[in-house]
Amino acid sequence: MKFRTSMEKMTSMACETSEGDCASDPQLLLHFKRALHALGGKWKLEILFALMNGAVRFGALRRAVSGISRHMLTARLRELEQDGLVSRTAFAEKTLRVEYQLTDAAYALLPAFKELLSWWQAYGGGARNAPGESNVAAAVST
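Calculation rules
Position numbers for residues start from 1 in each chain and track the written sequence from start to end. Reporting of local features is limited, given that this is a predicted model, to residues whose pLDDT is at least 70; pairs of side-chain atoms are given and counted only at 80 or more, and all residues count toward the totals for whole chains, interfaces and linings. The basis for every side-chain value is the complete set of heavy atoms in the structure, and neither hydrogens nor water enter the calculation. Secondary structure elements are taken from DSSP: a helix is a run of H or I of four residues or more, a strand is a run of E of two residues or more, and numbering for both begins at the N terminus. Here the term buried applies to any residue with accessible area under 20% of the maximum for its type, exposed to any over 50%, and partly exposed to those in between, with areas from a 1.4 Å probe on protein chains only. A contact between two residues is defined here by any heavy atoms of the two lying within 4.5 Å. All accessibility values rest on the Shrake-Rupley procedure with a 1.4 Å probe; residue burial counts only the protein chains present in the view. In predicted models, pLDDT denotes the confidence assigned by the predictor to each residue on a 0 to 100 scale. The patch calculation keeps residues exceeding 30% relative accessible area without a salt bridge and links them within 9 Å when they carry like charges or within 5 Å when they are nonpolar (Val, Leu, Ile, Met, Phe, Trp, Tyr). Any carboxyl oxygen of Asp or Glu that lies within 4 Å of a side-chain nitrogen of Lys or Arg is treated as forming a salt bridge with it. A helix's residues, less one, multiplied by 1.5 Å, set its expected span. The definition of a polar contact used here is a pair of N or O atoms within 3.5 Å, where within protein one atom must be able to donate a hydrogen and the other to accept one, and adjacent residues in sequence count solely through side-chain atom pairs. Side-chain atoms within 4.5 Å link the members of a nonpolar core, which is a set of buried Ala, Val, Leu, Ile, Met, Phe, Trp, Tyr and Cys residues. Each pair of strands is called paired provided DSSP finds at least two bridges between the two strands.

Draft legend 1. Inspection of the overall build of the protein chain at higher detail. Each helix and strand in the protein chain was counted, giving eight helices and three strands. Helices (α) and strands (β) of the protein chain occur, in sequence order from the N terminus, as α-α-α-β-α-α-β-β-α-α-α. Per-residue burial over the protein chain gives 23% buried out of 142 residues. In the protein chain, 46% of the contacts between residues at least 6 apart in sequence involve partners at least 24 apart. When the accessible surface of the protein chain is summed, it comes to about 10,600 Å², and 57% of that surface belongs to carbon and sulfur atoms.

Have a look at this one:
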């Protein structure tokens, strides 16, 4: 029951600005869908996690996100950039150098990521392992 009480509290806090029932507010549902779309899809969360410690070059980012192809990494980085979560900086040097880093909007997600991790630690213990979990577990523990 403790979880239900805190969930009701969080839901009512999110709905304080809207009139009536939160679940029936189409505008809130639209915002929720857009947020999920920006973060959803294979690799996006792993990419954001890999960029949490600062700017990273493409090759280093590809090594940090084990199993992703060059094409897929490029596509996901472009999507994250369009959604305002990742910025791309190209340095005009003899050999072109490109770095990717999180925007302030992405850093603002850190509390949500921490809450998701806390939720998993509390309720996800019995679930099966996800592909590549050993890489993520090692990164989280550092």
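Draft legend 2. Structural detail: the confidence of the model for the protein chain. Overall, the prediction assigns the protein chain a mean pLDDT of 80, with 72% of residues at 70 or greater. Low pLDDT (under 50) marks residues 137-142, which in the prediction has three contacts with non-local residues, meaning those over four places away or in another chain.

Draft legend 3. View of a nonpolar patch on the surface. There is a patch of nonpolar side chains on the surface, built from Leu116, Trp119, Trp120 and Tyr123 and spanning about 460 Å² of accessible area. Examined against the element boundaries, Tyr123 turns out to sit in helix H7 (residues 110-123). On the basis of relative accessibility, which here comes to 52%, the residue Tyr123 falls in the exposed class.

Draft legend 4. Quick look at unusual backbone geometry. Here Trp43, not a glycine, exhibits a phi torsion of approximately 90°, which is positive. Looking at the element boundaries, Trp43 is found in the loop between helix H2 (26-39) and helix H3 (44-50).

Draft legend 5. Main features of H2. Between the first and last C-alpha of H2 there are 20 Å, a value that for 14 residues agrees with the 20 Å anticipated at 1.5 Å per step. Of the residues flanking the start of H2, the one acting as N-cap is Asp25, its side-chain oxygen 2.9 Å from the backbone nitrogen of Gln27. Note on H2: the residue one or two positions beyond its end, Gly41, has a positive phi of about 100°.

Draft legend 6. Seen up close, the nonpolar core. Counting 22 residues, the largest nonpolar core has Ile47, Leu48, Leu51, Leu61, Leu77 and Val86 as the members making the most contacts within it. Elements that contribute at least two residues to this core include exactly H3, helix H4 (58-64), helix H5 (70-82) and strand E3 (97-102). When residues no more than four places from it in sequence are discounted, the contact partners of Ile47 are Leu61, Val65, Ile68, Leu73, Arg76, Leu77 and Leu80.

Draft legend 7. Broad picture of the sheet that holds E3. Reading across from one edge, E1-E3-E2 is the order of the three strands in this open sheet, with antiparallel pairing throughout. Sheet topology places strand E1 (56-57) and strand E2 (86-91) at the edges, where each strand pairs with a single neighbour. One ladder, built from six bridges, connects E2 with E3; its direction is antiparallel. Bridged to Phe91 within E3 is Arg97.

Draft legend 8. Layout of the pairing of E3. Burial within E3 is extensive, with five of its six residues counted as buried. Bridging between E1 and E3 involves two bridges; their strand directions are antiparallel. When the bridges of E3 are listed, Arg57 appears paired with Glu99. Between E2 and E3, which pair antiparallel one after the other, the connecting turn spans five residues.

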